[in-house]
Amino acid sequence: MTGQHASGPGLGGFGPPAGIGDEAAPDTDGQLAALRRLGWNTIELRSVDGVALADLSPAAFAALARRLGDAGVTVVAVASRIGNWSRPVTGDFGVDLAELDVLAERCATLGCRLVRIMSYPNDGLPQEEWADRVIARTAVLADRAARAGLVLAHENCAGWAGDRADRALRLLHAVDSPALRLLFDIGNGVPYGYHAPDLLRPLAPYVVHVHVKDAVRTPDGGAAYTLPGAGEAGVAECLRILAAHGYTGALSLEPHLAVRPHEGLTRAGEDAADLFVRAGQALTALLDGGRPPAGRPDTDPSDTRLPPADRPQPRQPHAGPADTPQPHAEPSDTGLSDPAPSDAGPAGAERLGAAPAGGPA
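Residues numbered from 1 in each chain as written. Predicted model: local features only at pLDDT ≥ 70, side-chain atom pairs only at ≥ 80, totals over all residues. Heavy atoms only, no water.

A. Local environment of the environment of Ala 243. Take Ala 243: it is sitting in helix H8 (residues 235-244). For Ala 243, a relative accessible area of 40% translates into the label partly exposed. Residues Ala 243 and Phe 14 lie 229 residues apart in sequence; the distance between their C-alpha atoms is 7.9 Å. (Helix = DSSP H or I, 4+ residues; strand = E, 2+ residues; numbered from the N terminus. Buried < 20%, exposed > 50% of the residue type's maximum accessible area, 1.4 Å probe, protein only.)

Right, here's the structure in full:
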């Protein structure tokens, strides 16, 4: 199975579409069936039958790898638990190192290089000690990933660098490794309280993977998940920013309509596959230049073409206070300016999945 290129046409200038399979079904057959309904052949792996990829028994993983190979499905990325909302910075770092070691072996089998990580929630530490611990841990992880031929993709989710561009850039520059880049989740701005396009602009040159979801804020401060393009996350604007920066990587569908691990909703119900497919169809419509069909969630296309780990990246000078780096320069080769801000989503956007205040997985 090849891991860096997937067959099939992309959409909107991006690569072939993909999705996090366990958002459609817990089991391998159900995940592959949902992809087939969309005509997709690329997947991002997080769990199978409720078991995280790194925790599958050797026999279960071998069966999964055979099934994916037989189906002609490419794995674009794996979503690990390293540094995520369940693992504070004061926790046992050995757990993360062990997970990365297992995933390194399994990614080699799957032909996949990208491993999603986060940057450790705080657990009562002073801000600078939190920062120092996160940077130190991430540097060790990136060194181990580089030796395994992997690229860690840090997500704008839980953790020290999850919702601030200056911190994400500080993390990249402090670690200073081609084995650390960024995963941008378009939908996380709504539950975390920021405008995703604003966070994305300075980070876009470093993005190697993208998750697509959408949501609206609820009166109690939580988030209700919608079809991509039907909410307030700025999906279309983020896609324009990525395109302007020449992004051709994956857009991996993570609709959170039926599965939200951070809420304990970890197993897809009977309607999950239908919601996932509707989301995929809506994203396809969005990328084709139209509006999502009424009553449907959006889809995300995914490009599995990961840039080489040693691809030159714009660098930001280490000037100013630690958490306030200088403005990030736009790449000189795009010839494009950022698009104007888009409207916030329609007032009557369909709300298909609700989350309390706090962040998604």
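That shown, we press on.
B. Region of interest: the pattern of salt bridges. Across all of its chains, the model carries 19 salt bridges by this definition. We note a salt bridge from Arg 133 to Glu 129, for which the minimum N-O separation is 2.9 Å. Of the two residues, Arg 133 and Glu 129 are both situated in helix H4 (residues 127-147); the distance of 4 residues between them amounts to about one turn of the helix. When the shortest N-O distance is used, the salt bridge between Arg 201 and Asp 198 registers 3.0 Å. In this pair, Arg 201 and Asp 198 both sit in helix H7 (residues 196-203), 3 residues apart, roughly one turn of the helix. Looking at Asp 198, the relative accessible area reads 46%, which means it is partly exposed. By sharing partners, the salt bridges in this structure join Asp 22, Glu 23, Arg 46, Asp 185, Lys 213 and Glu 254 into a single network. (Salt bridge = Lys/Arg side-chain N within 4 Å of Asp/Glu carboxyl O.)

C. Broad picture of the pairing of strand E6 (residues 114-119). By the criterion of burial, E6 is predominantly enclosed, with 6 of the 6 residues buried. Taking every second residue as pointing to the same face, both faces of E6 are buried, with Leu 114, Arg 116 and Met 118 on one and Val 115, Ile 117 and Ser 119 on the other. Of the strand pairs in this sheet, strand E5 (residues 74-79) and E6 are connected by 3 bridges, and their pairing is parallel. Bridge pairing in E6 places Ala 79 opposite Arg 116. Of the strand pairs in this sheet, E6 and strand E7 (residues 151-159) are connected by 5 bridges, and their pairing is parallel. Paired with Ile 117 across the strands is His 154, a residue of E7. (Pairing = 2+ DSSP bridges.)

D. Region of the structure containing the sheet that holds strand E2 (residues 42-45). Reading around the circumference, E1-E2-E5-E6-E7-E8-E9-E12 is the order of the 8 strands in this closed barrel, with parallel pairing throughout. Taking the axes of each pair of neighbouring strands and ignoring which way they run, one obtains an average angle of 30° across the sheet. By the bridge criterion, 2 bridges tie strand E1 (residues 18-20) to E2 in an arrangement that is parallel. Bridge pairing links Gly 19 to Ile 43 in E2. Strand contacts of H4: E6, E7 and strand E8 (180-185), with the helix running at about 155° to E7, the strand carrying the most contacts. (Axes fitted to C-alpha atoms, helices over the stretch in contact; angles between N-to-C directions. Contact = heavy atoms within 4.5 Å.)

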